[in-house]
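Chain and residue survey
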Amino acid sequence: MQNMTRRGSVYYVRFIVPKERWHDVGIATGARNGKRRDITKSLTTKDYREALVRRDAALTIIREETNAALAQQNLPPLHGDWKPSWGNIQQQLTEQALEARKALEEADTYRRPYYENDDPDTGHIVAEAISDRDFGADVVREELRATVQKIEAESTNKHEGRERAQAAYKQALGIAMGTATPLSVLLDRWFPQLEGHVTKELIDRHHRAFTRFGQYLADAQDLHTDNPEGYARSIPIERIDRKAAGHFREWLEKLPNVGPRVVGFHLSTMNTFWKWAQDVGYAEINPWEGSTRGLKKKIAKASRERGEKRPYTEAELIALLTQARERLQHPKKWPWARVIYDMLRLAPLTGCRQNELASLTVGRIIQPAQPGLLWRISITEEVSKTRSSTREVPLHPIAQEVIAQRLAELPAEHTLDTQLFPECKPGGRDDKPGHYLSKRYATFLRSALGEKPEIDFHSFRRCFSTFMTTAEANGAQHCSNLVLDHLIGHKPVSLAHNTYAAKRFNWSVYDKAIMEMVAKGVSDQLRTYMSST
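Parameters at a glance
- Residues numbered from 1 in each chain as written.
- Predicted model: local features only at pLDDT ≥ 70, side-chain atom pairs only at ≥ 80, totals over all residues.
- Heavy atoms only, no water.
- Pairing = 2+ DSSP bridges.
- Helix = DSSP H or I, 4+ residues; strand = E, 2+ residues; numbered from the N terminus.
- Axes fitted to C-alpha atoms, helices over the stretch in contact; angles between N-to-C directions.
- Contact = heavy atoms within 4.5 Å.
- Polar contact = N/O pair within 3.5 Å; in protein donor to acceptor, adjacent residues only side chain to side chain.
- Salt bridge = Lys/Arg side-chain N within 4 Å of Asp/Glu carboxyl O.
- Buried < 20%, exposed > 50% of the residue type's maximum accessible area, 1.4 Å probe, protein only.
- Expected span 1.5 Å × (residues − 1).
- Parallel < 35°, antiparallel > 145°, perpendicular 65-115°, else oblique.
- Left-handed = near helix turned anticlockwise from the far one by under 90°.
- Nonpolar A, V, L, I, M, F, W, Y, C, P; charged D, E, K, R; others polar.
- Core = buried A, V, L, I, M, F, W, Y, C linked by side-chain atoms within 4.5 Å.
- Phe/Tyr/Trp six-rings, centres within 6.5 Å; stacked < 30°, edge-to-face > 60°.
- Lys NZ or Arg CZ within 6 Å of the ring centre and 35° of its normal.

**Some remarks on the sheet that holds strand S2 (residues 10–16)**
In space, the three strands of this open sheet follow the order S1-S2-S3, with antiparallel pairing throughout. Here the strands that pair on one side only, and so sit at the sheet edges, are strand S1 (4–7) and strand S3 (38–42). Between one strand axis and the next, the sheet turns through 35° on average, direction left out of account. Here S1 runs beside S2; their pairing, made up of four bridges, is antiparallel. Paired with Arg7 across the strands is Val10, a residue of S2. Helix H2 (residues 48–72) rests against S1, S2 and S3 of the sheet, and its axis sits at about 35° to S2.

Here is the structure:
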């Protein structure tokens, strides 16, 4: 019962005071504790249908009396002079229709029969009384008409305003009567199901997609909205067809500073959501199927124009190592120099991602009991990007020296969960240890090599792949593509490798591959710079 409550058998109207005005209304109305959250008045009726009829008039009187009391205290009226935009009215209509839908679903559908001569024994029914649901539906229609009149009143063009009002009424009535389902109902089910299964960053990306979708829908109707995602949520899923999907892509591609990769992200969000809506029975078809066709070529072209991502050159790696080593001499001025210098020697020799290294703990360092085997680091499921990324990577003596030094500096009371890089505090939406490292490294990279968008921290993984490939070309026996896929955490491409070949070889194979990679894939000069302290 929206804005109504019942005490005993009598119905009361309940006027909700906006939270930011509790104190003002409390002062104006003389509340005991100085603030008032709501104002409740009797509707002096025990009949639910009569209470519905009286509710809106009572709310209007309460608002007028409250504003008058506020004026006597020289306080602004409730809601000030703000007027809702068309988009906000649409959202208000949807919320109103959803409340009505819930009430109508709970309402009694029984129609009391009227018998001929008021004699039930005759069995002749001449009429039926109106049911609670029928009466409620009539009230809902009147309430929705009253709300959509705001759309017509706000419009400068009366003809267009009337058409918008009629369309909004038809849409809201469909929601109230259960023949249409607004996206809000489905999104409120979909987003909670994603939590814990995907990153918060991806969930944020989905919200950005629906924000842009709402802006497109509003623009298509020549409407202004202060809350684009809220406007999108007010639209019934039945209204979105292939034409709307196609026009949304065209609209996105015309936006300034939005490249084809972002367009692909947004369309992928829509496609994923609609597939789920199909699975739960709220979408007959998926209008977004095939909506990304042709985007791969556009993304590739944009990447070429921007500069293809690539591995570091040997000269760049030496320059980075030299810069980091010089900054080690001034730890107060360059507090991140030590972490960056360690990463410069670990990342290209392990192929690990930024967060995989920044999150290293004592328990993820494996020191073999057998002599002659290399130390390894374990990339566990909670820090890996994909299922294929869970792996163990041997440490070349240069990389092992970095880890051994970090272990030696830990306090005596450390545990298996103690971080090797305590400087890397968790941050960002997903509380990843690599968050701040990413920012500090990007700053270091620009200061050392200038603006080069084609290289980043991920370029160390490209270096690892390059070292492996070079070593194999120089005669290394263990640096095959399959071994590289295992070490870098990629699912092998070929069916023979990803289905029939062993998922993991004897550890001596990987140890030999790492040693051969550095011996035959890394130049003597670069090896010297990496190993010198």
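**Comments concerning the side chain of Arg101**
By the element assignment, Arg101 lies in helix H3 (residues 86–106). From its side chain, Arg101 meets the backbone oxygen of Ala180 in a polar contact 2.8 Å long. Sequence-distant contacts of Arg101, that is, excluding residues within four places in its chain, are made with Ile175, Ala176, Gly178, Ala180, Thr181 and Pro182.

**Quick look at the pattern of salt bridges**
Per the stated rule, a full pass over the model turns up 24 salt bridges. A salt bridge links Arg310 to Glu316; the shortest N-O distance between them is 2.8 Å. A relative accessible area of 6% means that Glu316 is categorised as buried. Across the pair Arg462 and Asp456 runs a salt bridge whose closest N-O atoms are separated by 3.3 Å. For Arg462, a relative accessible area of 22% puts it in the partly exposed group. Linked by salt bridges that have partners in common, Arg338, Asp342, Arg345, Arg406, Glu409 and Glu423 make up one network.

**As for helix H17 (residues 459–473)**
End to end, H17 covers 21 Å across 15 residues, agreeing with the expected 21 Å (1.5 Å per residue, within 8%). Of the positions making up H17, those classed as buried are Ser459, Phe460, Arg461, Cys463, Phe464, Phe467, Met468 and Ala471. Phi turns positive one or two residues past the end of H17, at Gly475, with a value near 105°.

**As for the packing of helix H13 (residues 337–350) against H17**
For the pair H13 and H17, interaxial distance at closest approach is 6 Å and the crossing angle is 50°. Here H17 runs oblique to H13, going by the angle between their axes. Judged by the twist between their axes, the crossing of H13 over H17 is right-handed. Here Leu344, Ala347, Pro348, Leu349 and Thr350 of H13 lie close against H17, whose contacting residues are Phe460, Cys463, Phe464 and Phe467. A breakdown of the residues in the contact of H13 with H17 according to their chemical character gives eight nonpolar, one polar and no charged.

**What about the nonpolar core?**
Counting 65 residues, the largest nonpolar core has Tyr312, Leu344, Ile403, Tyr441 and Met517 as the members making the most contacts within it. The greatest single-element share of this core, amounting to eight residues, is contributed by H13. Discounting residues that sit within four places of it in the chain, Ile403 has contacts with Leu346, Leu360, Ile365, Trp375, Leu395 and Leu420.

**A short note on the packing of aromatic side chains**
Evaluated as defined, the whole model comprises 20 aromatic pairs. Three or more aromatic residues link up through ring pairs in this structure, and these residues are Trp190, Phe191, Phe210, Phe213, Tyr216, Phe248, Trp251, Phe273, Trp274, Trp276 and Trp288. A cation sits over an aromatic face here: Arg7 above Tyr12, 4.9 Å from the ring centre. It is Arg376 that lies over the ring of Trp507; its NZ or CZ is 4.4 Å from the centre.

**A closer look at the packing of H13 against helix H16 (residues 434–449)**
Between two packed helices, both the angle of their axes relative to each other and the distance between the axes serve to describe the pair. Two numbers describe how H13 lies on H16: the axes approach to 11 Å, and their chain directions differ by 85°. On the basis of their axis angle, the class for H13 and H16 is roughly perpendicular. Contacts between H13 and H16 involve Val339, Ile340, Met343 and Leu344 from the first element and Leu437, Arg440, Tyr441 and Phe444 from the second. Taken together, the residues that form the contact of H13 with H16 break down as seven nonpolar, no polar and one charged.

**Some remarks on the sheet that holds strand S7 (residues 376–379)**
Reading across from one edge, S6-S7-S8 is the order of the three strands in this open sheet, with antiparallel pairing throughout. Single-partner strands in this sheet number two, and they are strand S6 (365–366) and strand S8 (391–394). Inspection of the sheet shows S7 paired to S8 by four bridges, in the antiparallel sense. For Ile377, the partnering residue across the bridge sits in S8 and is Val393.

**Brief notes about unusual backbone geometry**
Even without glycine at this site, Thr44 takes up a positive phi of about 50°. Structurally, the position occupied by Thr44 is in the loop between S3 and H2. Although it is not a glycine, Asn74 sits at a positive phi angle of roughly 60°.

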